[in-house]
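A structural walkthrough
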Amino acid sequence: MNRHNHPRAHWPFVTVALAAILLNACGSSHYTVLQPAKEPLATFEVLEIRDFTSNLSDADSIDLANRFADQLYAEVMEHRKEDPGSSIFRDVVRSTDQIDSVLVLNGVVISFDKGSRAKRYWIGFGAGKAYCTIQATFTNKATGAEVLKSNFDGELSMSFFGGSADEAVDAVVTAFIDYFDDYFEH
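The shown structure was predicted, so the numbers you read here are calculated from the model rather than taken from an experiment. (Residues numbered from 1 in each chain as written. Predicted model: local features only at pLDDT ≥ 70, side-chain atom pairs only at ≥ 80, totals over all residues. Heavy atoms only, no water.)

1. Some points on the overall build of the protein chain
Looking only at helices and strands, the protein chain features 4 helices and 7 strands. For the protein chain, the N- to C-terminal ordering of α and β elements is α-β-β-β-α-β-β-α-β-β-α. Here the protein chain, with 186 residues, has 35% of them falling under the buried criterion. Partitioning the intrachain contacts of the protein chain with sequence separation of at least 6 by distance along the chain shows that 73% fall at a separation of at least 24. Here the protein chain has roughly 10400 Å² of accessible surface; of this, 54% comes from carbon and sulfur atoms. (Helix = DSSP H or I, 4+ residues; strand = E, 2+ residues; numbered from the N terminus. Buried < 20%, exposed > 50% of the residue type's maximum accessible area, 1.4 Å probe, protein only. Contact = heavy atoms within 4.5 Å. Areas by Shrake-Rupley, 256 points an atom, 1.4 Å probe, with all protein chains shown as cover.)

2. Section: the nonpolar core
In this structure, L105, F138 and F176 are the most contacted members of the largest nonpolar core, which totals 33 residues. At the level of elements, β2 (46-49), α2 (59-82), β5 (102-113), β6 (130-140), β7 (146-158) and α4 (166-183) are the ones that each hand at least two residues to this core. Counting residues per element, this core draws most heavily on α4, at 7 residues. (Core = buried A, V, L, I, M, F, W, Y, C linked by side-chain atoms within 4.5 Å.)

3. Side note on the packing of aromatic side chains
Across all of its chains, the model carries 16 aromatic pairs by this definition. Seen in terms of ring centroids, F152 and F176 are 3.7 Å apart; in terms of plane orientation they differ by 15°. Their pairing is stacked. Placement of the pair is F152 in strand β7 and F176 in helix α4, with a sequence separation of 24 residues. With respect to burial, F152 and F176 carry one shared label: buried. Ring centres of Y179 and F184 lie 5.8 Å apart, and the angle between their planes is 85°; on these two criteria the pair is classed as edge-to-face. These aromatic residues form a ring-pair network of at least three members: Y31, F52, F68, F89, F138, F152, F176, Y179, F180, Y183 and F184. (Phe/Tyr/Trp six-rings, centres within 6.5 Å; stacked < 30°, edge-to-face > 60°.)

4. With respect to the confidence of the model for the protein chain
For the protein chain, the average pLDDT comes to 79, and 69% of its residues sit at 70 or higher. The least confident element of the protein chain, judged by mean pLDDT, is helix α1 (residues 11-23) at 45; the most confident is β2 at 97. Across residues 13-25 the pLDDT falls below 50, and counting only partners more than four positions away or on other chains, this stretch makes 7 contacts in the model. (pLDDT = per-residue confidence, 0-100.)

5. A look at the pattern of salt bridges
Overall, the coordinates contain 8 salt bridges when judged by the stated rule. Residue E45 pairs with R90 through a salt bridge whose shortest N-O separation is 2.6 Å. In this pair, E45 sits in the loop between β1 (26-35) and β2 while R90 sits in the loop between α2 and β4 (91-93), placing the two residues 45 residues apart along the sequence. Overall, the relative accessible area of 34% leaves E45 in the partly exposed class. Residue R90 pairs with D91 through a salt bridge whose shortest N-O separation is 3.0 Å. Where salt bridges share partners, they join E45, R90 and D91 into one cluster. (Salt bridge = Lys/Arg side-chain N within 4 Å of Asp/Glu carboxyl O.)

6. Details of α2
Note on helix geometry: an α-helix contains 3.6 residues per turn, so any two residues three or four positions apart are oriented the same way. Taking 1.5 Å per residue as the helical rise, α2 with its 24 residues ought to reach 34 Å, and the 35 Å between its terminal C-alpha atoms agrees with that figure. By the largest-angle criterion, R67 marks the main kink of α2, which is about 40°. Taken together, the buried positions of α2 are occupied by S61, L64, A65, F68, A69, L72 and V76. (Expected span 1.5 Å × (residues − 1). Bend = angle between axes of the 7 residues up to and from the residue.)

7. Focus: the pairing of β5
For β2 and β5, the ladder comprises 4 bridges, and the chain directions are parallel. Directly across from V46, in β5, lies its bridge partner V102. Across 2 bridges, strand β3 (residues 53-54) lies against β5 in parallel orientation. What sits directly across from S54, in β5, is V109. (Pairing = 2+ DSSP bridges.)

Printed below as a string of structure tokens:
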């Protein structure tokens, strides 16, 4: 029997494939437009990402709200570096004194559950799922009028060693980037 046709010759490939599947988190992200844009988004030159808040009072949700705007800002800036000139915004900032042509992003953590890492590891397929939802309201800084509103969701159903709830938060960041690609690019 040829060594390459022997069933055991394929084990290294099968092992690598299984490891790749296990190492990749089974997380997902999406966004839901709650209120479409009431005015043309191309009229805004600056996106100001303000500190996020939480409707939830537990320490994990408050911690998430306190760090999310910085995490989102860093990812947006990295995305802009990878694809320069595609954004409708001249600048993306955490804070500005500029008033005209500024679209302000205010985010609120409306659901967050770290789930059970053990259940994600031992059972998987949705057991112990971690999830997060952030509601974002975009307002015209000059007028204070709400321009659009969307929800951003991320979840982690299983991952290698159960994964971290932060992977669900990372999925929310991915949902924001997808949204920005769909609505805030030329």
